[in-house]
Amino acid sequence: MEPPVDEFSPQETPSAGRLHVIAHRAMLDVSRALVQYVARLLQDERRRLGTPKGSRALTPFWQAVLILRWFRGAYDIPRLGRDHRISRATAYRYIAEGIDVLAAQAPDLHEALDRAQADGPAHVILDGTLISVDRCAEQAISVKGEPIDAWYSGKAHQHAGNLQALSAPSGVPLWIADVEPGSVHDLTAARAHVLGALYAAAAGGLPTLADGGYDGAGIGVHTPIKQPARNQTLSPDNRTYNQLLRGLRCLGERGFALLKGRWRILRHITASPSTIGDIARAALVLTHFEHNWLPGIR
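Scope of this entry: the structure provided in the associated data block. (Residues numbered from 1 in each chain as written. Predicted model: local features only at pLDDT ≥ 70, side-chain atom pairs only at ≥ 80, totals over all residues. Heavy atoms only, no water.)

1. A word on the overall build of the protein chain
Note the following rule: Each helix is a run of H or I in the DSSP string that is no shorter than four residues. Each strand is a run of E no shorter than two, and both are numbered from the N terminus. In what follows, a contact means two residues having at least one pair of non-hydrogen atoms within 4.5 Å. Only the protein chains shown count as cover for residues, and the accessible areas themselves come from Shrake-Rupley with a 1.4 Å probe.
Across its full length, the protein chain holds 10 helices and 12 strands. Counting only contacts in the protein chain whose residues sit at least 6 apart along the sequence, the fraction spanning at least 24 positions is 66%. Summed over its atoms, the accessible surface of the protein chain is roughly 15600 Å², and 54% of this surface lies on carbon and sulfur atoms.

The following block contains the structure:
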């Protein structure tokens, strides 16, 4: 692996009456190859927009460093801007541009399923997660006809966005859907974004494994068998089926853990909740690069 990229805090010369600030070296724990990949995407975007050479405050390389620092969990964008000697507004704009450029490289659902079928796995895993967000007041009507806070998740007892994703049996995430408000159930979100394509994939020999939250999803989506009513026990065959299903799902369900563990920005989003899907898909592209999963990068 290439050595990590060095990043320096700006130097400040102490003077009379001012606080003595100590400059220090920080390390960005990503490979230089990843920084260069993001920089190439940014350079291509500048060419597409017709940006004159030298008119930006940061080169594509240093803009890529700024973006990757943010994805790694440096949440304070104004501070990042100061580190790179750019204004707060420019820092926000550069990071937003990076999200858009990276998210555009993410595979759509049909591309992800086509590749999964070509690679020959026995199944894919459907899973959902909640991404914590700052409070966002947006009213919606529940299935019972009552007004509710759309982004509040009763399951997690916090404001959040609901993301649906497909992962390979190895746990590498393959595809991420657009975000739904936290009040939306996993099955409802899956019906809106992915189930139709999964039925077609199952017909082609690629079934989907999912947890009990997707019970009733339909043909080709395998979920655990529920415990019978009135304290009855499952038959040995059904218990064995559930145990096998759980064993096959467990590695695949580490997809979100992989994304959140590596790209800490996904642990809590302070931007508009509507951007969660793009941020997650940008993180997906970064993950694919690091796992040699991008087409042409293997």
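Having seen the structure, we can now continue with the description.
2. Regarding the packing of helix H5 (residues 109–119) against helix H7 (residues 195–203)
The condition is simple: To obtain each axis, a line is fitted to C-alpha atoms, and for helices this fit is confined to the stretch in contact; angles are then taken between N-to-C directions over 0 to 180 degrees. An angle below 35 degrees is treated as roughly parallel, one above 145 as roughly antiparallel, one from 65 to 115 as roughly perpendicular, and anything else as oblique. Helix crossings get a hand from a simple test, with the near helix turned counterclockwise from the far one by less than a right angle marking a left-handed crossing and a clockwise turn marking a right-handed one. Each residue receives one of three labels: charged for Asp, Glu, Lys and Arg, nonpolar for Ala, Val, Leu, Ile, Met, Phe, Trp, Tyr, Cys and Pro, and polar for the others, Gly being one of them.
Interhelical geometry of H5 versus H7 gives an angle of 20 degrees and a closest axis separation of 11 Å. Judged by the angle between their axes, H5 and H7 are roughly parallel. At the point where H5 passes H7, the crossing takes the right-handed sense. On H7, the residues touching Leu109, His110, Leu113 and Gln117 of H5 are Ala197, Leu198 and Ala201. Considered class by class, the residues forming the contact of H5 with H7 number five nonpolar, two polar and no charged.

3. Some thoughts on the nonpolar core
A general trend in soluble globular proteins is that nonpolar side chains are found buried together. Counted only if it meets this: Only buried residues count toward a nonpolar core, which is a set of Ala, Val, Leu, Ile, Met, Phe, Trp, Tyr and Cys residues joined through side-chain atoms within 4.5 Å. Note on exposure labels: buried denotes an accessible area under 20% of the residue type's maximum, exposed denotes more than 50%, and partly exposed covers the range between, all computed with a 1.4 Å probe on protein chains only.
Formed by 53 residues in total, the largest nonpolar core has its most connected members in Phe71 and Leu102. Taken together, the elements giving at least two residues each to this core come down to helix H1 (32–49), helix H2 (60–71), helix H3 (77–83), helix H4 (88–103), strand E3 (124–133), strand E7 (158–167), helix H9 (255–262) and helix H10 (276–290). No other element matches H10, which puts nine residues into this core. Those residues in contact with Leu102 that sit more than four places away from it in its chain are Tyr37, Val38, Leu41, Ile67, Phe71, Ala282, Val285 and Leu286.

4. Section: the pairing of E7
Filter applied, for reference: A pair of strands counts as paired when DSSP detects no fewer than two bridges linking them.
Of all 10 residues that make up E7, nine are buried, and the element is covered over most of its length. Pairing analysis gives eight bridges linking E3 to E7, with the strands arranged antiparallel. Directly across from Ile131, in E7, lies its bridge partner Gly161. Where strand E6 (residues 152–153) meets E7, two bridges bridge the pair, whose relative direction is antiparallel. Each bridged residue has a counterpart across the sheet, and for Ser153 the counterpart in E7 is Gln158. The hairpin formed by E6 and E7 contains four residues between the paired strands, and His157 there has a positive phi angle of roughly 60 degrees. Inspection of the sheet shows E7 paired to strand E9 (residues 180–181) by two bridges, in the antiparallel sense.

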